[in-house]
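Each chain, letter by letter, is given below.
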Amino acid sequence: KTQALKAGSYLVPERASMAEITDIVTKGGASTCGTEVVYRIGITRATAEVRELDPATGRYVERVQFNLDEEEPEDYTRVRAASDTRYRVALAEGVTSWQVVEELKQIDALEGEAEVPAEGSLAPDSYEIVPGDTLASVIERMQAAQERILAEAWANRVEGLP
């Protein structure tokens, strides 16, 4: 099952056999335990949220949330130091390109600088990031996602529209 291995964090029951472990890590890639930090960029504010996956329910439980321009809470600092923490940036619809770049600059997991892209060129969505990613690479992914959305909309438009 080498080709079916999925990256993630998994809860492995005590005394699990190798076959059971193989099934856990190949059955779809959904993590069954772990911590994630979600950076939410909204129209009126930007926040960071530390969430832990509850293996019993399969749902994330919020541990701490704070504005990006505030002092980092201890829970955030602790999970930032852990090597298995996952990170995402979530963009709300309606945020400006300038807002996105300014808020991304405050995320300590990202490096470098970036130009403010054209308005409307960033797709509102959730993007997985890893510490050390550059601002420019994240913005490029946001632009590529928007280009795919527009290409699909254009290809599926009703014939004869101007």
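Look above for the structure.
Residues numbered from 1 in each chain as written. Predicted model: local features only at pLDDT ≥ 70, side-chain atom pairs only at ≥ 80, totals over all residues. Heavy atoms only, no water.

Caption draft 1: The arrangement of the pattern of salt bridges in detail. Using the criterion set out here, one finds 11 salt bridges in the structure. The partner of Glu-36 in a salt bridge is Arg-88, and the shortest N-O contact between them spans 3.2 Å. Residue Glu-36 is located in strand S1 (residues 34–41), and its partner Arg-88 is located in strand S4 (residues 86–91); the two are separated by 52 residues in the primary sequence. Grouping residues by exposure puts Glu-36 and Arg-88 together as buried. Residue Arg-86 is joined to Glu-128 by a salt bridge in which the shortest nitrogen-to-oxygen separation is 3.3 Å. Of this pair, Arg-86 sits in strand S4 while Glu-128 sits in strand S5 (residues 126–129), and the two are 42 residues apart along the sequence. A relative accessible area of 30% means that Arg-86 is categorised as partly exposed. Glu-128 gets classed as partly exposed once you look at its relative accessible area, which sits at 36%. Within this structure, Glu-36, Arg-40, Glu-49, Arg-51 and Arg-88 form a network of salt bridges that share partners. (Salt bridge = Lys/Arg side-chain N within 4 Å of Asp/Glu carboxyl O. Helix = DSSP H or I, 4+ residues; strand = E, 2+ residues; numbered from the N terminus. Buried < 20%, exposed > 50% of the residue type's maximum accessible area, 1.4 Å probe, protein only.)

Caption draft 2: Expanded view of helix H4 (residues 135–155). Between its first and last C-alpha, H4 extends 30 Å over 21 residues, near the 30 Å set by a 1.5 Å rise per residue. The inward-facing, buried residues of H4 abut S4, helix H3 (97–105) and S5. (Expected span 1.5 Å × (residues − 1). Contact = heavy atoms within 4.5 Å.)

Remember that the coordinates give geometry; whether it matters functionally is a separate question.
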